[in-house]
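Structural description and commentary
Here's the letter readout for the chains.
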Amino acid sequence: MGLSTAAPLWGAPGPLLTIALHLALYLRPAQAWAPVHRDYCVLGAGPAGLQMAYFLQRAGRDYMVFERAPVPGSFFTRYPRHRKLISINKRYTGKTNAEFNLRHDWNSLLSHDPRLLFRHYSDAYYPDANDMVRYLSDFAERLGLHVLYNTTIAHVTVNKDRGAWNGHYFILTDHRGQAYQCSVLLVATGLSVPNQVDFPGSEYVDGYESVSVDPKDFEGQNVLILGRGNSAFETAENIFSVTNFIHMLSRSRVRLSWATHYVGDLRAINNGLLDTYQLKSLDGLLESDLTDLAIVKDHKGKFHITLKLFMEEFFNQSSDAIPLPQDNNDNFAMRVAYDRVIRCLGWKFDFSIFSKSLRLSSGSELSEKYPLVRASYESKGSRGLFILGTASHSVDYRKSAGGFIHGFRYTVRAVHRLLEQRHHGVAWPSTEHPITHLASAIIRRINEASGLYQMFSVLADVVLLKENATTFEYLEEFPMQMLAQLETITGKRARHGLFVINMEYGRNYSGPDKDVFFSDRSVGHMEDAWLSNFLHPVIYYYRHLPTEQEVRFRPAGWPLPRPSALHHVVEDFLTDWTAPVGHILPLRRFLENCLDTDLRSFYAGVPRSERGHLSY
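Residues numbered from 1 in each chain as written. Predicted model: local features only at pLDDT ≥ 70, side-chain atom pairs only at ≥ 80, totals over all residues. Heavy atoms only, no water.

An unreviewed UniProt entry lists the protein chain under the name FAD-dependent oxidoreductase domain-containing protein 2 isoform X2, from Bos indicus.

Okay, structure coming up:
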């Protein structure tokens, strides 16, 4: 039967055909926007993100770095506002050992390329932030790191899947709606949200992130700065030569880094205002809880400090009708009017893009600033989500250098080593030696290692003794608080005892109220080594691997549980622990007592009980 030329080839589509056409038309775009899978996703191409990218690339892993800006290190294109970094760039140490020199290079990332040392990018001891931007761009480009620029991740959630490494995938959606799926999420976005205090009149305050950096804009003005960290003093340093005076207000006393031994506290490069305050040249520091205060703007545009409760009592009244503290106390310290009020209260983590199902914050004061992480830098709420860099600083806040490049370049490496063992079966790097080399191996590390030196009391070397203590295995820079999980994390066995090598300050030497310049502050005799104040090596010996409970309930102020034996290597003014009598001999005797053997080569492995049968 032929087809009539007047009849249509097909009639009206039936319901099944209509559905099929709909799927064909509308699923095609959806397939184009299907999630792109990577084993590892890194959020942020700042120093921490690039450092992790380097390790992933060297290991041949499948990864991608997502960066919202067109260049890496975009934070440094704007901050610090006055462009001078406070991370030191010490180009000369008198040593040629590259590892030792990294102890005094606070800006370089770790790589195999000697051209990518920061000393080649600036001659300044305190470099310009633009040099950091240039350095990070070269680091990413020369190493060929996989960075997707101009890509803002707008939302991160989790999708359960039994086939995934951690029982779920992380789903990242960018500003274009493109989704990415990964097995491990490494967040290196830093702290990017300015801390603010909500009080009456806070709308009159200029933020550190936007206030003018031109000193001419402050000539002849009365200025109040809220905050007492480096950003506050950096701002004051820029303008205090042209203002009438600067008052600085914060809820707590100033913390000087030389007293606390914490690099994040006030650095000497920014503390000129302390001179003018203590030498009574009009500038001054005050302490008060900002939430109790309020700012009133008068009809001349001047700002006055009053109490929040006064504002509440005289709600909806004109500014002239609101009482001021000096009405009842004519000696009130802040009775003057201010032309400018500047907020310099630091930064906090941006939680806004993360689904609540990831459980990154508990709502406590510290977790409002930093995500909740374990000592392994893994999120407490989501397995496989790690926090890197500045945002991981809750692990060692006000204790060590984990919030800064010279510290987190090593913690990032520790996280990578953990991931290599967990997902690829690559054991934590180690070297094995005869027991006669134990003292020399420790001496070499305490005199050279930068990771131990910068991440004191956070990362430690671990010596695993083999059966009969004839050999040992040496592991570098392991997270101390994870010691109980050492076997799982490293793929090593700790069945015959172990030593932990740490760097520590004296327990009563650091603090904002400490006089660190007292006359007898240093210890010179080896019998007093346990009284050492300055950074010095401490060796812990355990007959058995400590349990999680022992680590958790360790003595107050101790980085580790109480060991079977403990040895302090006496502090040294030159940080050179190579003196044969003062450093090496006491260490060797300590090791011998722990091992019950003589570590001199012709006695190695011979128990002390048998030495009497040997002729000399």
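1. A few points about the overall build of the protein chain
Scanning the protein chain from N- to C-terminus turns up 15 helices and 22 strands. Burial statistics for the protein chain: of 616 residues in total, 51% are counted as buried. Taking all contacts inside the protein chain whose residues are at least 6 apart in sequence as the whole, residues at least 24 apart take part in 66%. Working note: accessible area of the protein chain is about 29,800 Å², and carbon and sulfur atoms make up 52% of it. (Helix = DSSP H or I, 4+ residues; strand = E, 2+ residues; numbered from the N terminus. Buried < 20%, exposed > 50% of the residue type's maximum accessible area, 1.4 Å probe, protein only. Contact = heavy atoms within 4.5 Å. Areas by Shrake-Rupley, 256 points an atom, 1.4 Å probe, with all protein chains shown as cover.)

2. Let's talk about the state of the cysteines
Using the criterion set out here, one finds 0 disulfides in the structure. Distance from the sulfur of C41, which forms no disulfide, to the nearest cysteine sulfur (C182) is 3.3 Å. (Disulfide = S-S within 2.5 Å.)

3. Considerations on the packing of helix α2 (residues 47-58) against helix α10 (residues 405-424)
Running from amino to carboxyl end, α2 crosses α10 at an angle of 35°, the nearest separation of the two axes being 9 Å. Remark: the crossing between α2 and α10 carries right-handed chirality. Across from P47, A48, Q51, M52, F55 and L56 in α2, the residues of α10 making contact are I405, F408, R409, V412, R413, V415 and H416. Per-class residue counts for the contact of α2 with α10 are 9 nonpolar, 2 polar and 2 charged. (Axes fitted to C-alpha atoms, helices over the stretch in contact; angles between N-to-C directions. Left-handed = near helix turned anticlockwise from the far one by under 90°. Nonpolar A, V, L, I, M, F, W, Y, C, P; charged D, E, K, R; others polar.)

4. Quick notes on helix α5 (residues 230-239)
Burial runs high along α5: 8 of the 10 residues are buried. Of all the positions in α5, only N230, S231, A232, F233, E234, T235, A236 and I239 are classed as buried. The inward-facing, buried residues of α5 abut β9 (222-226), β10 (245-250), α7 (272-278), β11 (284-287) and β14 (340-343).

5. Focus: the nonpolar core
In terms of nonpolar packing, the biggest core is built from 69 residues, with L50, Y135, F139, L145, L186, L388 and L483 touching the most fellow members. By residue number, the principal contributor to this core is α10, which donates 8 residues. Non-local contacts of L186, meaning those with residues more than four positions away in its chain, are made with Y40, C41, V42, L43, M52, L56, F386, L388, V415 and L419. One finds V187, F233, A236 and W347 within the second-largest nonpolar core, a separate group that totals 47 residues. (Core = buried A, V, L, I, M, F, W, Y, C linked by side-chain atoms within 4.5 Å.)

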